[in-house]
Amino acid sequence: MDPFSTDAILIRRTEYGDHDLIITYFTRRMGRLSVMAKNAKLSVKRFAGALDPFSVMKIHCTWPKRKNRLPILNNVDIKTAFARIRTNAVNTGYASYWLEMVNAWMEEGKQDHELYDLLLHVLDGLNGGKMDVQALSLLFQIRFMSISGFNPTLSCCGICETPIDNISQGRITFDFAEGQLICNTCGAGSIRHGITVSKGTLKQLFWINGSDIGRAERLKFSPEAIVEGQRLLEAFIPCHIGRDMKSLVVLRRLRH
Ligand SMILES: [Zn+2]
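Residues numbered from 1 in each chain as written. Predicted model: local features only at pLDDT ≥ 70, side-chain atom pairs only at ≥ 80, totals over all residues. Heavy atoms only, no water.

Caption draft 1: Spatial organisation of the overall build of the chain. Helix and strand counts for the chain come out as seven helices and nine strands. Its C-alpha atoms give the chain principal-axis dimensions of about 65 × 40 × 30 Å. In the chain, the proportion of contacts linking residues at least 24 apart, taken out of those at least 6 apart, comes to 62%. In the form shown here, the chain has an accessible surface area of approximately 12800 Å², with 49% of it arising from carbon and sulfur atoms. In the chain, the 33 positive side-chain charges and the 25 negative ones have mean positions that sit 5 Å from each other. (Helix = DSSP H or I, 4+ residues; strand = E, 2+ residues; numbered from the N terminus. Contact = heavy atoms within 4.5 Å. Areas by Shrake-Rupley, 256 points an atom, 1.4 Å probe, with all protein chains shown as cover. Lys, Arg positive; Asp, Glu negative; His and termini not counted. Charge placed at Lys NZ, Arg CZ, Asp CG, Glu CD.)

Caption draft 2: Expanded view of the coordination of the zinc ion. Note on the zinc ion: its protein donors are Cys-157 (SG), Cys-160 (SG), Cys-183 (SG) and Cys-186 (SG). The metal-donor distances range over 2.3 Å. Coordination at the zinc ion is tetrahedral, judged from the four donor atoms that bind it and the angles of 103 to 116 degrees they form at the metal. Of the residues examined, Cys-183 reaches a relative accessible area of 3% and is grouped as buried. (Donors = N, O, S within 2.8 Å, 3.2 Å for Na, K, Ca; no water. Tetrahedral: all angles 85-135°; square planar, octahedral: opposite > 155°, others 65-115°. Buried < 20%, exposed > 50% of the residue type's maximum accessible area, 1.4 Å probe, protein only.)

Caption draft 3: Summary view of the domain arrangement of the chain. Domain boundaries in the chain define domain 1 (3–81) and domain 2 (91–255). In this structure, domain 1 and domain 2 have C-alpha centres spaced 31 Å apart. Contact with domain 1, which involves 18 residues of that partner, is made by 20 residues of domain 2. Together domain 1 and domain 2 conceal approximately 1700 Å² of surface at their shared face, both sides included; 62% is due to carbon and sulfur atoms. Its largest share of buried area at the contact with domain 2, domain 1 owes to Phe-26, Arg-28 and Arg-32, together 46% of the area lost on that side. For the pair domain 1 and domain 2, the number of links is two salt bridges. Elements represented by at least two residues in the side of domain 1 that touches domain 2 include exactly strand 1 (3–16), strand 2 (20–27) and strand 3 (31–37). Grouping the amino acids of the side of domain 1 that touches domain 2 by side-chain chemistry returns nine nonpolar, four polar and five charged. (Domains from an automatic or database assignment. Buried area = accessible area lost by both parts, 1.4 Å probe. Salt bridge = Lys/Arg side-chain N within 4 Å of Asp/Glu carboxyl O. Nonpolar A, V, L, I, M, F, W, Y, C, P; charged D, E, K, R; others polar.)

Caption draft 4: Layout of the packing of aromatic side chains. Per the counting criterion, the structure on display carries nine aromatic pairs. Summarising the aromatic geometry, the rings of Trp-98 and Phe-140 are spaced 5.6 Å apart at their centres and angled 40 degrees between planes, so their arrangement reads as tilted. Here Trp-98, found in helix 1 (residues 89–105), pairs with Phe-140, found in helix 3 (residues 133–147); they are 42 residues apart in sequence, far enough to count as distant. For the pair shown, Trp-98 and Phe-140 are each scored as buried. Here a set of aromatic residues connected by ring pairs shows up, and it is made of Tyr-94, Trp-98, Phe-140 and Phe-144. (Phe/Tyr/Trp six-rings, centres within 6.5 Å; stacked < 30°, edge-to-face > 60°.)

Caption draft 5: Structural context of the side chain of Thr-27. Within the secondary structure, Thr-27 is located in strand 2. For Thr-27, the side chain forms a polar contact with the main-chain nitrogen of Met-30, separated by 2.8 Å. Leaving out residues up to four positions away in the same chain, Thr-27 has contacts with Thr-6, Asp-7, Ala-8, Leu-33, Ile-59 and Tyr-116. (Polar contact = N/O pair within 3.5 Å; in protein donor to acceptor, adjacent residues only side chain to side chain.)

Caption draft 6: Spatial organisation of the nonpolar core. Counting residues in hydrophobic clusters, the biggest one holds 58 residues, and the most contacted among them are Trp-98, Leu-119, Leu-123 and Phe-140. The element that contributes the greatest number of residues to this core is helix 3, accounting for nine residues. The two domains that each donate at least three residues to this core are domain 1 (3–81) and domain 2 (91–255). Here Trp-98 is in contact with Leu-119, Val-122, Leu-123, Leu-126, Leu-136, Ser-137 and Phe-140, once residues within four sequence places are set aside. Within the second largest apolar cluster, 19 residues are counted, among which are Ala-8, Ile-23, Met-57 and Leu-73. (Core = buried A, V, L, I, M, F, W, Y, C linked by side-chain atoms within 4.5 Å.)

Next comes the structure, spelled out in structure tokens:
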């Protein structure tokens, strides 16, 4: 029974039988990891405070003797509970959406330090309440896509490569299937699954993706860019992850 420890963010928990829980974490060392918390439903004290979503902790586990069994969670050290996120329904909605993105995208056991640090950063920002939550969500989504390799083309037409400043239209079509902008000359009219986005919004999204994260956080989005950015990214991400996201349905309801 080899022991191991790693920093981890709690993504979800599922009941298993009458006494146990299966807990899924995004870990720093091992990517997404599901572990068995034996008797967690009975012995509340043992995992006190450690079963809440968004909590960041160091988990201590052991590999079971038998193959194809989940690691056993022995105990945890809470690092930060991010408890203020859970006191606000909309903030909880955003954090749940981010976690669902990570859970849907990450492969079990594949580490991704960059994504781990990004998630930690936005959860901390959300908990601190210093940055507008909608802007924070745009920041997370656009950077999530770069890290995951989607990296949509937002600076030029994806076909003729004309930079958006040199395209004479005010709004440019984004093609969800190809993940790129298409100018009118290149046939934007024939795109079946796309939306039009203003140049101003595209520039702001492109900028927060490429800048240092500290500077990116200080960008003041125009109200139009918030709405358009949300519409673009919240449609594009499920499309590329390849499934509908329950948390997004809830988030949309909460926002209204
Ligand atoms: Zn073009």
